[in-house]
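Here is how the chains run, residue by residue.
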Amino acid sequence: MFEGPVQDLIDELGRLPGVGPKSAQRIAFHLLAADPADVGRLQEVLQRIKQGVLFCEVCGNVSEKIRCRYCADARRDATLVCVVEEPKDVLAVERTREFRGRYHVLGGALDPLAGVGPDQLRIRQLVSRIGGTGPADDETDIAEIIIATDPNTEGEATATYLLRLLRDFPGLTVTRLASGLPMGGDLEFADELTLGRALSGRRAM
């Protein structure tokens, strides 16, 4: 244990996902030795990310404006919506260059043990979009929902729940990414070729 603010910084860094005790210690001492101007820029960016980043009113993706670049782009296919868990998954799908529709970010996956149920996710907003009562005035005719949740226990549970919820919508096709993604993985870590094939070979549910 170190004293004072150094240990406080290590403790806070250790709360970040994927940062273990050793990594937190290395980052803390790197910041301690860094030029004050570099640390100042980091502080400024951290302030801006809390004050200047919005969530798209339509899909829930991170954005600088009320609508993200994908929802504001009239060239994208408004009849095709890819449902993902987190904003990072949007970038993973975009890297494949296989998808030209729009997105819906749930904000996580169903995980009852962690207290995450349907009410904690943006499922109600998805149903509103499909029913034509969402904030976008050009999405009254969504024809296909692609469920692109992670291929793990929580992602599969979320996909099953969405299927039960959406299958009674008339004229709506619900599909799931094709097999080929490793079970237990995250979309963001899938290579572009594998994810692209899973997207183009998606199966009806």
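Looking at this structure, how should I read the state of the cysteines?
Covalent bonding between the sulfur atoms of two cysteines is what defines a disulfide. Under the criterion given, the structure shown has zero disulfides. For the unlinked cysteine cysteine 71, the closest cysteine sulfur is that of cysteine 59, found at 3.7 Å. Judged by relative accessible area, which is 5%, cysteine 71 ranks as buried.

Please explain the packing of helix 1 (residues 4-13) against helix 2 (residues 21-33) as it appears in this structure.
Axes are the key here: two packed helices are described by the angle between their axes and the distance separating the axes. Taken N-terminus to C-terminus, the directions of helix 1 and helix 2 make an angle of 130°; their axes are 8 Å apart at the nearest point. With respect to helix 2, the axis of helix 1 lies oblique. The way helix 1 lies across helix 2 gives a crossing that is right-handed. Contacts between helix 1 and helix 2 involve Val6, Leu9, Ile10 and Leu13 from the first element and Ala24, Gln25, Ile27, Ala28, Phe29, Leu31 and Leu32 from the second. Its residues placed into classes, the contact of helix 1 with helix 2 shows 10 nonpolar, one polar and no charged.

Mind showing me how you'd approach helix 1 here?
Working note: α-helix, 3.6 residues per turn, so residues spaced by three or four point in the same direction. Within the span of helix 1, buried status applies to Gln7, Ile10 and Leu13. Seen end-on, helix 1 carries its buried residues on one side only, within an arc spanning 125°. The inward-facing, buried residues of helix 1 contact helix 2.

I'm lost on the packing of helix 6 (residues 123-130) against helix 7 (residues 153-166) in this one. Help?
For the pair helix 6 and helix 7, the least separation of the axes is 12 Å and the interaxial angle reads 35°. Between helix 6 and helix 7 the crossing geometry is right-handed. Facing Ile123, Leu126, Val127 and Ile130 of helix 6, the residues of helix 7 in contact are Tyr161, Leu162, Leu165 and Leu166. Broken down by class, the residue content of the contact of helix 6 with helix 7 amounts to eight nonpolar, no polar and no charged.

Got a minute to help me understand the confidence of the model for the chain in this structure?
Interpretation of the predicted coordinates at a detailed level should be avoided for regions scoring low in pLDDT. Of all residues in the chain, 86% have pLDDT values of 70 or greater, and the mean over the chain is 87. Ranking the elements of the chain by mean pLDDT puts helix 8 (residues 192-200) last with 69 and strand 4 (residues 101-105) first with 97.

Can you walk me through the pattern of salt bridges in this structure?
Pairing between side chains of opposite charge can happen when their charged atoms approach one another. Applying the stated criterion to the full structure yields eight salt bridges. Here arginine 48 makes a salt bridge to glutamate 44, at a shortest N to O gap of 3.3 Å. With arginine 48 and glutamate 44 both in helix 3 (residues 36-51) and four residues apart, this pair spans about one turn of that helix. Under the relative-accessibility criterion, arginine 48 is labelled partly exposed at 48%. When the shortest N-O distance is used, the salt bridge between arginine 76 and glutamate 94 registers 2.8 Å. Taken together, the residues span a long stretch of sequence, with arginine 76 in the loop between helix 4 (69-72) and strand 3 (77-84) and glutamate 94 in helix 5 (residues 87-96) at a distance of 18 residues.

I would appreciate a short explanation of the pairing of strand 3 in the present structure.
Regular strands place side chains that alternate from one sheet face to the opposite one. Counting buried residues along strand 3, six of its eight residues qualify, which places the element largely inside the surrounding structure. One ladder, built from five bridges, connects strand 3 with strand 4; its direction is parallel. Bridge pairing in strand 4 places valine 84 opposite valine 105. One crossover worth recording links strand 3 to the parallel strand 4 by way of helix 5, and it is right-handed. Across four bridges, the pairing between strand 3 and strand 5 (residues 144-147) is parallel. Bridging from a neighbouring strand, cysteine 82 pairs with isoleucine 146 of strand 5.

Rules behind the numbers
Per chain, the residues get numbers from 1 upward, laid out in the order the sequence is written. Residue-level local features of this predicted model are given only where pLDDT is at least 70; pairs of side-chain atoms are given and counted only at 80 or more, and the full residue set underlies all totals for whole chains, interfaces and linings. Only hydrogens and water are removed before side-chain values are computed, so all heavy atoms of the structure are retained for them. The criterion for a disulfide is a pair of cysteine sulfur atoms lying within 2.5 Å. Here's how the labels work: a residue is buried when its accessible area is under 20% of the maximum for its type, exposed when over 50%, partly exposed in between, all with a 1.4 Å probe on protein chains only. Every axis in this analysis is a line fitted to C-alpha atoms, fitted for helices over the stretch in contact. Angles between the N-to-C directions lie between 0 and 180 degrees. Strands are runs of DSSP state E lasting at least 2 residues, helices are runs of H or I lasting at least 4, and numbering of each runs from the N terminus. Working definition: roughly parallel below 35 degrees, roughly antiparallel above 145 degrees, roughly perpendicular at 65 to 115 degrees, and oblique for all remaining angles. In a left-handed crossing the near helix is turned counterclockwise from the far helix by less than a right angle, and in a right-handed crossing that turn is clockwise. Here, two residues are considered to be in contact whenever any of their heavy atoms come within 4.5 Å of each other. Asp, Glu, Lys and Arg are counted as charged, while Ala, Val, Leu, Ile, Met, Phe, Trp, Tyr, Cys and Pro are counted as nonpolar; the rest, among them Gly, fall into the polar class. Working definition: the arc comes from the directions between the helix axis and the C-beta atoms, pointing outward to the latter. As a per-residue measure, pLDDT reflects the predictor's confidence and takes values from 0 up to 100. What makes a salt bridge here is a side-chain nitrogen of Lys or Arg within 4 Å of a carboxyl oxygen of Asp or Glu, nothing more. Strand pairing requires that DSSP identify at least two bridges connecting the strands. With its strands directed away from the observer, a crossover is right-handed exactly when the path from the first strand over the helix to the second travels clockwise.

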